[in-house]
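Listed below, chain by chain, are the residues.
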Amino acid sequence: VKPSYIDISWPLGPDTPSWPGSPGFTAASHLAIGDGDLANATLLTMDAHTGTHVDAPRHFVAKGADLETLGLDPFVGDVYVVDIGTSRAIGPALLDGLALPDQARRLLLQTANSAESHFRRAPFRQDYAALTPEGAQWVVDKGLVLIGIDYLSIELYGDAPTTHRILLEAGVAILEGLDLADVPPGEYTLVCLPLRLLNAEAAPARAILLPKQGS
Ligand SMILES: [Zn+2]
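Residues numbered from 1 in each chain as written. Predicted model: local features only at pLDDT ≥ 70, side-chain atom pairs only at ≥ 80, totals over all residues. Heavy atoms only, no water.

## Concerning the overall build of the chain
Part 1 of the reasoning: Scanning the chain for helices and strands turns up five helices and twelve strands.
Part 2 of the reasoning: Relative to its length of 215 residues, the chain is compact, with a C-alpha radius of gyration of 17 Å against a globular reference of 17 Å.
Part 3 of the reasoning: The principal-axis extent of the C-alpha atoms belonging to the chain is close to 60 × 45 × 35 Å.
Part 4 of the reasoning: The buried share of the chain, taken over its 215 residues, is 44%.
Part 5 of the reasoning: Accessible surface computed for the chain: about 10600 Å², of which carbon and sulfur atoms make up 54%. (Helix = DSSP H or I, 4+ residues; strand = E, 2+ residues; numbered from the N terminus. Rg over C-alpha atoms; globule rule 2.2 N^0.38 Å. Buried < 20%, exposed > 50% of the residue type's maximum accessible area, 1.4 Å probe, protein only. Areas by Shrake-Rupley, 256 points an atom, 1.4 Å probe, with all protein chains shown as cover.)

Okay, here's the thing in C-alpha cells:
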C-alpha cells in the first residue's frame, strides 16, 4: 500500500551530516535488557539544529521570538515545492522565474542537494545550494511565512549571517535539512512538527507532505 504522505525528514543516525563544530548526533544505549536492565532505553546527544529542524527568530535575533512564541502556524498548511535545478546560489531572478502564485505562503526549495544523495550523508559538504541575501529579501517581500531547504542551512556556506537575519528579523520561519529527492514539484499540505522545546531558537522536527485534496 502506497503511503498517503511523503516523508521529507532526514533519518537520524551515525551517517547524518552535522554542521562543523556541532557535537553531531549520537544515540547510545542507556539501559539494555541484554545487560540485565528491565528495558532498552537510548540516550541522545544532539544540538537543536540536527538533521531536519526549524529555526525561530531567536537563532540570529538576540531578543527574537522563540519557538513557543512562533507556534505551529508557519509549519502546517499549504506549501509549494519548486525545482531549483543545479543553481548553487539562489537569488531573485531564479525565484521570479518560478512564477509562484500570489497566495503562496510556504515554499520548499528542491535543489541539487536533494538530487545528489551524498548530501544526505556525512561528511558535511560546504558546496550546498542555498539562498543569497537578495533571495532572502525576495522571500520577505513575497510575504512568505516559511522557507525550506534541502541542506543544513538556508544560507550559503561562509556567508555573513545576512540571509538568516533578513528572514528571521521579518519573522519568516526556516525549515532546514529536508529530503526532497523523491518529491514531484507542486502544491502540497505541509505538516512539520518541531519538538516543543521551551526558550528555544530551534528544534528538530518530523516533516511530511500530504497530497492536495483532489490532486
Ligand atoms: Zn538551523
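From this point on, the discussion continues.
## Quick look at the packing of helix 4 (residues 133-141) against helix 5 (residues 162-169)
Part 1 of the reasoning: One can describe the packing of helix 4 onto helix 5 by two numbers: an axis separation of 8 Å at closest approach and a directional angle of 10°. The orientation of helix 4 relative to helix 5 falls into the category roughly parallel. Along its contact with helix 4, which presents Pro133, Ala136, Gln137, Val139 and Val140, the element helix 5 presents Thr162, Thr163, Ile166 and Leu167.
Part 2 of the reasoning: Class assignment of the residues belonging to the contact of helix 4 with helix 5 gives a composition of six nonpolar, three polar and no charged. (Axes fitted to C-alpha atoms, helices over the stretch in contact; angles between N-to-C directions. Parallel < 35°, antiparallel > 145°, perpendicular 65-115°, else oblique. Contact = heavy atoms within 4.5 Å. Nonpolar A, V, L, I, M, F, W, Y, C, P; charged D, E, K, R; others polar.)

## Looking at the coordination of the zinc ion
Part 1 of the reasoning: Around the zinc ion, the protein contributes the donor atoms His49 (ND1), His53 (NE2), Asp55 (OD) and Glu176 (OE), which lie 2.2 to 2.4 Å from the metal centre.
Part 2 of the reasoning: Taken in chain order, the donor set of the zinc ion reads H-x3-H-x1-D-x120-E. Of this pair, His49 sits in the loop between strand 3 (41-45) and strand 4 (53-55) while Glu176 sits in strand 10 (residues 173-176), and the two are 127 residues apart along the sequence. (Donors = N, O, S within 2.8 Å, 3.2 Å for Na, K, Ca; no water.)

## Details of the pattern of salt bridges
Part 1 of the reasoning: Here the structure, examined in full by the defined rule, presents seven salt bridges.
Part 2 of the reasoning: Ionic pairing is found between Glu68 and Arg196, a salt bridge with its closest N-O pair at 2.6 Å. Remark: Arg196 occurs in the loop between strand 11 (186-194) and strand 12 (202-211) and Glu68 occurs in helix 1 (residues 67-70); sequence separation between them is 128 residues.
Part 3 of the reasoning: Residue classification places Glu68 among the partly exposed positions, given a relative accessible area of 32%. (Salt bridge = Lys/Arg side-chain N within 4 Å of Asp/Glu carboxyl O.)

## Examining the pairing of strand 11
Part 1 of the reasoning: Pairing of strand 5 (residues 76-83) with strand 11 involves six bridges; the strand directions are antiparallel. What sits directly across from Val79, in strand 11, is Tyr188.
Part 2 of the reasoning: In terms of strand pairing, strand 11 meets strand 12 through seven bridges, oriented antiparallel. Pairing of Thr189 across the sheet is with Leu210, part of strand 12. (Pairing = 2+ DSSP bridges.)

## Considering the packing of aromatic side chains
Part 1 of the reasoning: All told, the structure shown has nine aromatic pairs when counted by the stated rule.
Part 2 of the reasoning: Measuring from ring centre to ring centre gives 5.8 Å for Phe124 and Tyr151, while their planes differ by 40°; the resulting arrangement is tilted. Linking Phe124 in the loop between helix 3 (112-115) and strand 8 (130-131) with Tyr151 in the loop between strand 9 (146-149) and helix 5, this pair joins segments that are 27 residues apart in sequence.
Part 3 of the reasoning: On the accessibility criterion, Tyr151 (0% relative accessible area) is buried.
Part 4 of the reasoning: For the pair Phe124 and Tyr157, a centre-to-centre distance of 5.6 Å together with 55° between the ring planes defines the contact as tilted. Highlighted residues: Phe124 in the loop between helix 3 and strand 8 and Tyr157 in the loop between strand 9 and helix 5, separated in sequence by 33 residues.
Part 5 of the reasoning: For Phe124, a relative accessible area of 18% translates into the label buried.
Part 6 of the reasoning: Connected via pairs of aromatic rings, a cluster forms that spans Trp10, Trp19, Phe119, Phe124, Tyr128, Tyr151 and Tyr157.
Part 7 of the reasoning: Across the ring face of Phe119, the terminal group of Arg125 is positioned such that the distance to the ring centre comes to 4.8 Å. (Phe/Tyr/Trp six-rings, centres within 6.5 Å; stacked < 30°, edge-to-face > 60°. Lys NZ or Arg CZ within 6 Å of the ring centre and 35° of its normal.)

## Observations concerning the pairing of strand 9
Part 1 of the reasoning: Of the two faces of strand 9, the one carrying Leu146 and Gly148 and the one carrying Ile147 and Ile149 are both buried.
Part 2 of the reasoning: Pairing of strand 7 (residues 106-110) with strand 9, which is carried by four bridges, proceeds in the parallel orientation. Each residue of the ladder has a partner; that of Leu107, found in strand 9, is Ile147.
Part 3 of the reasoning: Alignment of strand 9 against strand 10, held across three bridges, turns out to be parallel. Pairing of Gly148 across the sheet is with Leu175, part of strand 10.
Part 4 of the reasoning: Once the chain exits strand 9 it traverses helix 5 before rejoining the sheet at strand 10, and the crossover so formed is right-handed. (Right-handed = clockwise from strand over helix to strand, strands pointing away.)

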